[in-house]
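# Understanding the architecture of this molecule
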Amino acid sequence: MSALTKAGLSESLFLELGLSKKDAKSLVESFFSTISDVLEEGHPVKLSNLGNFDLRDKEARPGRNPKTMEVKEVKARRVVTFHAGQKLKALVEASVD
Amino acid sequence: MIIKSELVSQISRKLTQLTERDISQGVAHIIDKICHTLIHQKRVEIRGFGAFSLHYRPARLAHNPKTGEKLHTQPKYAVHFKAGKEMRERINAMIGKPILKEDLNKAGEE
């Protein structure tokens, strides 16, 4: 059971939408790189049917290396979170056998 | 915040060899394909961007907080996204910069 990758998405655009292999590959690359660029600029991204990519700033907190028990500060950081939209959530929940 | 139509315009500014209609259909197709893959309980792995997968949530005993009534939830799957290394590093490097929650189109009109 192999995962879907950029290659699989390009192949699908080629087979099902009839884009040339070159255009299909460019579109897949551009889709993901544009989302990354926009997030990097500080804009959350909302894609109806898929979900929302949000940005969250996390404060610094004391952390611990569980192996050595050494205490070290986890620095303040910005993270991206994803929340599936209503439609995807409903479809996935209904997919339980 | 940006939505799908704005994403399509941004892509079409970069991929001038494709029509905006091709890009709009292509984006919809990519999103559909990701959803279908997840529904069939397969992972989606995009190098540098991140991976979508399903996490199993077993049935559990829950309470309705209003009525106090006990109930068993149905087992279900939840969509999980883990940002890739490149995405994590690029996003983290922007800490301290504002998060722009307002709609990009509306902000541009003012």
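Scroll up for the structure.
For the structure given in this document, a descriptive report is provided here. (Residues numbered from 1 in each chain as written. Chains lettered and ligands numbered in written order. Predicted model: local features only at pLDDT ≥ 70, side-chain atom pairs only at ≥ 80, totals over all residues. Heavy atoms only, no water.)

### Points about the overall build of chain A
What counts is decided by this rule: The numbering of helices and of strands both runs from the N terminus, where a helix is a DSSP run of H or I of at least 4 residues and a strand a run of E of at least 2. As defined in this context, the radius of gyration uses C-alpha atoms, and a globule is described by 2.2 Å times the residue total to the power 0.38. Between buried and exposed lies partly exposed: a residue is buried under 20% and exposed over 50% of the maximum accessible area for its type, with that area taken using a 1.4 Å probe on protein chains only. Only the protein chains shown count as cover for residues, and the accessible areas themselves come from Shrake-Rupley with a 1.4 Å probe. Working convention for charge: Lys and Arg count positive, Asp and Glu count negative, and His plus the chain ends are omitted. Charge placement uses NZ in Lys and CZ in Arg. For Asp and Glu, CG and CD serve respectively.
Across its full length, chain A holds 3 helices and 5 strands. When the helices and strands of chain A are placed in sequence order, the string is α-α-β-β-β-β-β-α. Taking 2.2 N^0.38 as the reference for a compact globule, 97 residues should give roughly 13 Å; the C-alpha atoms of chain A span a radius of gyration of 19 Å, well beyond that estimate. Seen through its C-alpha atoms, chain A measures out along the principal axes to roughly 55 × 40 × 25 Å. Looking at the 97 residues of chain A, the share that counts as buried comes to 39%. Here chain A displays about 5,700 Å² of accessible surface, and carbon together with sulfur accounts for 51% of that area. Once the 16 positive and 14 negative side-chain charges of chain A are each reduced to a mean point, those two points are 5 Å apart.

### A closer look at the packing of aromatic side chains
Note the following rule: In this scheme Phe, Tyr and Trp rings, the latter by its six-membered ring, pair at centre separations within 6.5 Å, and the angle between planes marks the pair as stacked below 30 degrees, edge-to-face above 60, and tilted otherwise. Two thresholds decide whether a charge sits over a ring: the Lys NZ or Arg CZ must be within 6 Å of the ring centre and within 35 degrees of the ring normal.
If you walk through the whole model with that rule in mind, you get 11 aromatic pairs over all chains. Counting every residue linked through ring pairs, the aromatic cluster contains Phe31, Phe32, Phe53 and Phe82 of chain A together with Phe49, Phe52 and Phe81 of chain B. Note that Lys21 of chain A overlies the ring of Phe14 of chain A, its terminal NZ or CZ placed 4.8 Å from the centroid.

### Here's the deal with the sheet that holds strand S3 (residues 50-57) of chain B
Rules: Two strands qualify as a pair provided that DSSP identifies no fewer than 2 bridges between them. Here, axes are lines fitted to C-alpha atoms. For helices the fit covers the stretch in contact, and angles between N-to-C directions go from 0 to 180 degrees. Residue contacts are defined here by distance: any two heavy atoms, one from each residue, within 4.5 Å place the two residues in contact.
As summarised here, the arrangement of the 3 strands in space is S2-S3-S6 (chain B), forming an open sheet in which the pairing is antiparallel. Only two strands of the sheet have a single partner each, and these edge strands are strand S2 (44-46) and strand S6 (76-83) of chain B. Within the sheet, the average angular offset between the axes of one strand and its neighbour, ignoring direction, is 25 degrees. The strands that helix H3 (residues 86-93) of chain A touches are S3 and S6 of chain B; relative to S6 of chain B, the one it contacts most, it runs at about 125 degrees.

### Remarks on the side chain of Ser30 of chain A
Within the secondary structure, Ser30 of chain A sits in helix H2 (residues 21-40). If sequence neighbours within four positions are ignored, Ser30 of chain A has contacts with Ile11, Lys14 and Leu15 of chain B.

### Details of the pairing of strand S3 (residues 61-64) of chain A
Residues and elements named next belong to chain A. As defined by bridge partners, S3 adjoins strand S4 (residues 71-74) across 4 bridges and the pair is classed as antiparallel. Residue pairing across strands places Gly63 opposite Lys72, the latter belonging to S4. Hairpin remark: S3 followed by S4, antiparallel, with 6 residues in the connecting loop; positive phi at Met69, about 65 degrees.

### Thoughts on the sheet that holds strand S2 (residues 51-58) of chain A
Across the sheet, which stays open at both edges, the 4 strands sit in the order S5(A)-S2(A)-S1(A)-S1(B) with mixed pairing between neighbours. Both outer strands of the open sheet, strand S5 (77-84) of chain A together with strand S1 (2-3) of chain B, are each paired with one neighbouring strand and no more. Of the pairings in the sheet, the one linking strand S1 (residues 45-47) of chain A to S1 of chain B comprises 2 bridges and is parallel in character. Each residue of the ladder has a partner; that of Val45 of chain A, found in S1 of chain B, is Ile2 of chain B.

### Concerning helix H1 (residues 6-17) of chain A
Quick note on the threshold: Take the residue count of a helix, subtract one, and multiply by 1.5 Å to get its expected span. Think of the arc as the fan of directions from the helix axis to the C-beta atoms.
Compared with an ideal rise of 1.5 Å per residue, which puts 12 residues at 16 Å, H1 of chain A spans 16 Å between its outermost C-alpha atoms and is within 8% of the ideal. Buried residues of H1 of chain A: Leu9, Ser10, Ser12 and Leu13 of chain A, and no others. Seen from one end, H1 of chain A has its buried residues packed into an arc of 160 degrees, which puts them on one side. Exposed residues on H1 of chain A whose side chains face more than 90 degrees from its buried face are Ala7 and Leu15 of chain A. In this structure, the buried side of H1 of chain A is in contact with H2 of chain A together with helix H2 (20-39) and S2 of chain B. Phi turns positive one or two residues past the end of H1 of chain A, at Gly18 of chain A, with a value near 75 degrees.

The values reported here are purely geometric and, on their own, carry no functional implication.
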